[in-house]
Protein chains: 2
Amino acid sequence: MRWIRYRQDDTVVYGILEGEYVSEISGTPFTQHKVTGKKFPLAKVKLEVPVVPQTFYCVGLNYVDHIKDPSRIPSKPDIGYRANNALIAHNVPVVIPSDARTIHYEGELVVVIGRQAKNISEEDALQYVLGYTIGNDVSERNWQREDRTLWRAKNSDTFKPMGPWIETELNLEGLTTTVRVNDVVTSKFATNNMLFGVAQFISAMTKYLTLYPGDVIWMGTDGHSPDLAPGDVVEVEISGIGTLRNKFSHDNAKPQ
Amino acid sequence: MRWIRYRQDDTVVYGILEGEYVSEISGTPFTQHKVTGKKFPLAKVKLEVPVVPQTFYCVGLNYVDHIKDPSRIPSKPDIGYRANNALIAHNVPVVIPSDARTIHYEGELVVVIGRQAKNISEEDALQYVLGYTIGNDVSERNWQREDRTLWRAKNSDTFKPMGPWIETELNLEGLTTTVRVNDVVTSKFATNNMLFGVAQFISAMTKYLTLYPGDVIWMGTDGHSPDLAPGDVVEVEISGIGTLRNKFSHDNAKPQ
């Protein structure tokens, strides 16, 4: 099943995507809900990020080929964070700050938590997952190297595209992540070729913290991005989920 | 004015604290609101954290005496993050994980953002602040040193006490932060003796990101904590705001 979140006049609602049509629901995937009976063509609704998490988790380093310095390959599943201010939906432009120099994409599998979870075994972990979506962990590499934290390198406004929807039926084995820039394939990797998998992370994390419905875990990326420029269109496709598409644009804002 | 957030039967509501009484309001400090006319004694209401932020910012290193290695003194205001799962209210116990070894407090001034802010000058920055509360950035020092991220060192469940309320009338000059363990003063410092102040952080951050109503910025701590043990009661007092009090306890949970 595919959950989508979209804007309807002035409110944001959830729906179930069936083919090219959206069935509106009342409630959310994380609470009681029912189909209202209203249907809309997908092409007519404005997609929002599929969820705004209470806590936004992100693995960072989780694929060997992405890590240039072998001494930095993690020995255990230490989770990191990203920031909600940076989230944007499918088809919303990524705005490159005027002083950014080296902008890269990172195509990532995103886990959406469905039920409250604490002290969960690896064996039981996937029962706490509602479904999966796609993230693009946009990064400015100079700030990533030079700043004390990842705040503007990874969390400048619009640097976290997520979507287009949540797919609840997904076998993690055999998936492929494909990234295209302006329709040319620039990265392709086995989505599940992770150092530490989804179940391992959920089990390790919930030894110390409670995961809540709607929390997201971005699972990291493989390979390397070319340098991106304003005008580029980046598509991150994960087989079985769909394609997250965002254009990169100049920052035309005038500082006050 | 003091905003408090508290549980009333099954719902969480805001009120205005006047002396020892709470005037209930409908709405929130961040939206339209009005006094309902209901009043309760402060002693009878169960306090909640004064806000659950969309993004939880934390400076980390911001006072010279807290930084043991002078080469780590920051040269610019790079903001960091903490995680909502870890938030607890005034008087709620901090639960020390069974394998934690060195637990410290960090008493911090917390800025609560009142209005959406982007590209704000230092001169205008404080106009975007609703008020101030108090945070205790509880830390496990071995995990902080050894893990790749601060996830369990700083963000284990219950590691982020915040409260007791939001004070809107506060002159940042001349404030003192005092920390007591079991009624003995163990830290005392000038709250505003920061490397980078509130206005500097808001201006620097909003060059790249949008601050939203309810976002919080924890401003860092000075000095050093003694090692804490189960049974200790830690009080963080900031003059003009109040006192945040939390007992530290054993973890008695049985893993599943």
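Focus: the sheet that holds strand E18 (residues 233-238) of chain A
The strands making up a sheet associate through backbone hydrogen bonding, with each pair oriented either parallel or antiparallel. Residues and elements named next belong to chain A. Here we have five strands laid out as an open sheet, ordered E9-E19-E18-E15-E16, and mixed in their pairing. Among the strands making up the open sheet, the edge pair consists of strand E9 (94-96) and strand E16 (184-190). On average, each strand axis in the sheet is inclined to that of its neighbour by 20°, with strand direction left out of account.

Structural notes on the domain arrangement of chain A
Residue and element names in this part refer to chain A. Annotation of chain A at the domain level lists domain 1 (1-48) and domain 2 (49-250). Between the C-alpha centres of domain 1 and domain 2 there is a distance of 24 Å. Opposite the twelve residues of domain 1 that make contact, domain 2 presents 20 residues. Where domain 1 abuts domain 2, roughly 1300 Å² becomes buried across the two surfaces, and 57% of that area is made up of carbon and sulfur atoms. Between Glu167 and Arg2 there is a salt bridge, with its nearest N and O atoms 2.7 Å apart. Inspection of the domain 1/domain 2 interface yields eight residue pairs in polar contact (both at pLDDT 80 or more). The set of elements that each furnish at least two residues to the side of domain 1 that touches domain 2 consists of strand E1 (2-8) and strand E2 (11-18). If one sorts the elements of the side of domain 1 that touches domain 2 by residue count, E1 sits on top with four residues.

Notes on the interface of chain B and chain A
On the chain A side, the residues contacting the 38 residues of chain B number 38 residues. By the criterion of area lost to chain A, the three top residues of chain B are Arg148, Trp151 and Tyr208 of chain B, representing 27% of everything that side buries. On inspection of chain B and its partner chain A, the count reaches six salt bridges. Notably, a salt bridge pairs Asp147 of chain B with Lys76 of chain A, separated by 2.5 Å at the nearest N-O pair. At the surface where chain B touches chain A, the tally comes to 32 residue pairs in polar contact (both at pLDDT 80 or more). Mapped onto the side of chain B that touches chain A, the elements with two or more residues apiece are strand E7 (80-81), helix H2 (151-155) and helix H3 (198-205) of chain B. Ranked by residues supplied to the side of chain B that touches chain A, first place goes to H2 of chain B with three residues.

Observations regarding the packing of aromatic side chains
By the definition in use, this model includes 18 aromatic pairs over all chains. On the numbers, 6.4 Å between centres and 90° between planes, the contact of Trp3 of chain A with Tyr14 of chain A is edge-to-face. Remark: Tyr14 of chain A occurs in strand E2 and Trp3 of chain A occurs in strand E1; sequence separation between them is eleven residues. What makes Trp3 of chain A buried here is its relative accessible area of 2%. Measuring from ring centre to ring centre gives 6.3 Å for Phe196 of chain B and Phe201 of chain B, while their planes differ by 85°; the resulting arrangement is edge-to-face. Residue Phe196 of chain B is classed as buried on the basis of its relative accessible area, which comes to 13%. Accessibility expressed as a relative area gives 1% for Phe201 of chain B, which makes it buried.

Re unusual backbone geometry
Peptide bonds are, in most cases, trans, and in most cases residues other than glycine have a negative phi. Residue Gly163 of chain A is joined to Pro164 of chain A through a cis peptide bond whose omega torsion reads 0°. Mapped onto the elements of the fold, Pro164 of chain A is located in strand E14 (residues 160-167). For Asn182 of chain B, which is not a glycine, the phi torsion comes out positive at approximately 50°.

What to know about the relation of the copies chain B and chain A
Under the fitted operation, chain B is carried onto chain A by 0.0 Å of movement along the axis and a turn of 180°, and the coordinates agree to an RMSD of 0.0 Å. Expressed as an axis order, the relation between the two copies is that of a two-fold axis.

A short note on the environment of Ala125 of chain B
Residue and element names in this part refer to chain B. Looking at the secondary structure, you find Ala125 in the loop between strand E11 (107-113) and strand E12 (129-136). Along the sequence, Ala125 and Leu209 sit 84 residues apart, while their C-alpha atoms lie 14 Å from each other. Excluding its chain neighbours within four sequence positions, the residues that come into contact with Ala125 are Ile120, Ala199 and Ile202.

Comments concerning the pattern of salt bridges
A pair can form between side chains of opposite charge whenever their charged atoms are brought close. As enumerated under the stated definition, the model contains 34 salt bridges over all chains in all. The closest approach of N and O atoms between Arg101 of chain A and Glu146 of chain A, which form a salt bridge, is 3.9 Å. Separated by 45 residues along the polypeptide, Arg101 of chain A in the loop between E9 and strand E10 (103-104) and Glu146 of chain A in helix H1 (residues 141-146) bring together distant segments of the chain. Residue classification places Glu146 of chain A among the partly exposed residues on the basis of a relative accessible area of 48%. When the shortest N-O distance is used, the salt bridge between Arg141 of chain B and Glu106 of chain B registers 2.9 Å. Taken together, the residues span a long stretch of sequence, with Arg141 of chain B in helix H1 (residues 141-146) and Glu106 of chain B in the loop between strand E10 (103-104) and E11 at a distance of 35 residues. Looking at Glu106 of chain B, the relative accessible area reads 2%, which means it is buried. Several salt bridges converge on common partners, so that one network encompasses Arg82, Glu106, Asp137, Arg141, Lys154 and Lys160 of chain A.

Describing the pairing of strand E15 (residues 176-181) of chain A
Residue and element names in this part refer to chain A. Most of E15 sits inside the fold, with five of its six residues counted as buried. Summarising the sheet, E15 and E16 pair through six bridges and their orientation is antiparallel. Bridge pairing links Thr176 to Ala190 in E16. The pairing of E15 with E18 spans five bridges and is classified as antiparallel. Bridge pairing links Thr177 to Ile238 in E18.

Here is what the cut-offs are and how they apply
Residues numbered from 1 in each chain as written. Chains lettered and ligands numbered in written order. Predicted model: local features only at pLDDT ≥ 70, side-chain atom pairs only at ≥ 80, totals over all residues. Heavy atoms only, no water. Pairing = 2+ DSSP bridges. Helix = DSSP H or I, 4+ residues; strand = E, 2+ residues; numbered from the N terminus. Axes fitted to C-alpha atoms, helices over the stretch in contact; angles between N-to-C directions. Domains from an automatic or database assignment. Contact = heavy atoms within 4.5 Å. Buried area = accessible area lost by both parts, 1.4 Å probe. Salt bridge = Lys/Arg side-chain N within 4 Å of Asp/Glu carboxyl O. Polar contact = N/O pair within 3.5 Å; in protein donor to acceptor, adjacent residues only side chain to side chain. Phe/Tyr/Trp six-rings, centres within 6.5 Å; stacked < 30°, edge-to-face > 60°. Buried < 20%, exposed > 50% of the residue type's maximum accessible area, 1.4 Å probe, protein only. Least-squares fit on C-alpha atoms with pLDDT ≥ 70 in both.

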